[in-house]
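Spelled out from the first residue to the last, the chains are:
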Amino acid sequence: MIFDAHCDALMKLWMDRSLSFQDGKSLHVTFPSLLEAKIKVQCFAIYIPETVPEEARFTIALEMIDIFFEQMIERFPMLKFVRSKRDIDALEENEIGAMLTLEGCDAIGTSLVKLKTLLRLGVSSVGLTWNWSNAVADGSWEVRGAGLTEFGKQVVRHLNEAKRWVDVSHLSEKAFWDVMEIAQFPIASHSNTYRFCPHPRNLRDEQIRALIEKNGMIGITFVPYFLTKEKEKAAISDVLRHLEHICSLGGARHVGFGSDFDGMEETAKGLENARCYTNLVNELQKHYSEDEVERFLFRNFYDHLPQ
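To keep things clear, this report deals only with the structure shown in the data block. (Residues numbered from 1 in each chain as written. Predicted model: local features only at pLDDT ≥ 70, side-chain atom pairs only at ≥ 80, totals over all residues. Heavy atoms only, no water.)

One pass over the structure, following the stated rule, counts 22 aromatic pairs. Plain terms: the ring middles of Phe3 and Phe301 are 5.4 Å apart, the flat faces sit at 20° to each other, and that makes the pair stacked. Separated by 298 residues along the polypeptide, Phe3 in strand 1 (residues 2-4) and Phe301 in helix 12 (residues 290-303) bring together distant segments of the chain. Overall, Phe3 belongs to the buried group, its relative accessible area being 0%. (Phe/Tyr/Trp six-rings, centres within 6.5 Å; stacked < 30°, edge-to-face > 60°. Helix = DSSP H or I, 4+ residues; strand = E, 2+ residues; numbered from the N terminus. Buried < 20%, exposed > 50% of the residue type's maximum accessible area, 1.4 Å probe, protein only.)

Below, the structure written as structure tokens:
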């Protein structure tokens, strides 16, 4: 079984209404590929492109949720909407859990009511920024590098109360440390190690240790330029390198995978789409015990669900 903490299929389906979740040629994640790869839980991110005007972003978030239910949940009876461990436990052997997440709080502006509305509609994890700044915090590419705003602190506290994940992927370093001070359920859904790939989106060792100490999670992502800075094409061996480093820091029970399928144009060798998870499973089984592989692929993220 596999728990994938991040993909952007919803964004692609929203941008190109001719695409089908059954057989969309440009999709990395489709219903058949989830079945084939034996993915048990797939998180689907609501990501609003930067080109969308601010006043339209909340409406677009609602449109993506509508696509999630109409084109995924209602069309495929074996795909079930899940929000909790109890929902996942209720899945039949041949059923797949689909979870909603928010990538960046641009959609809520400065409104806690909008955040609460998205949570009531089933969002289980909230990423505070994308790469730039918003009313909540600065992102990893924002030159200013500021931390959480006062509104951002309200958002994190509300997510604590609502028992939802606070996703630190994409945050500036200052904002990351601000979140660590107050978040009860922090994760980095799709981030790698800065040690092996010094990209602003990746986590330094002290950040990884902080997430472990807060009983958080790190989802290793398959985006090539988060895996390696070498000229050679990124491969599964690079994924294992990041995994082993997180384990060496004490994170064996705090690491999983957040592929970011459909959120990248170039893919790593052997990880071209969701079906290729079988390649990763095969490699993991060569290096780790059955229990460790099961934890990395599924159990760690499942165990850290707040509810």
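And the narrative resumes.
Turning to the pairing of strand 5 (residues 123-127), a few remarks are in order. Across the five residues that make up strand 5, a large majority, five, are buried. When strand 4 (residues 96-103) meets strand 5, the two strands line up parallel, connected through four bridges. Considered in strand 5, the bridge of Leu100 is made with Val123. With helix 5 (residues 112-120) bridging strand 4 and the parallel strand 5, this β-α-β connection has right-handed handedness. Note: strand 5 against strand 6 (residues 165-167), three bridges, orientation parallel. Directly across from Gly127, in strand 6, lies its bridge partner Asp167. This β-α-β element, strand 5 to helix 6 (residues 150-162) to strand 6, shows right-handed connectivity. (Pairing = 2+ DSSP bridges. Right-handed = clockwise from strand over helix to strand, strands pointing away.)

A complete count under the given rule lists 15 salt bridges for this structure. A salt bridge links Asp303 to Arg295; the nearest nitrogen and oxygen atoms lie 3.5 Å apart. Note on Asp303: relative accessible area 34%, which makes it partly exposed. With relative accessibility at 16%, the residue Arg295 sits in the buried group. Through salt bridges with shared partners, one network takes in Asp291, Arg295 and Asp303. (Salt bridge = Lys/Arg side-chain N within 4 Å of Asp/Glu carboxyl O.)

Moving on: the nonpolar core. The biggest cluster of nonpolar side chains holds 93 residues, and the ones touching the most others in it are Phe21, Phe44, Leu128 and Phe257. Ranked by residues supplied to this core, first place goes to helix 3 (residues 57-73) with nine residues. Residues Val82, Met99, Tyr302 and Leu305 belong to the second largest nonpolar core, which totals 15 residues. (Core = buried A, V, L, I, M, F, W, Y, C linked by side-chain atoms within 4.5 Å.)

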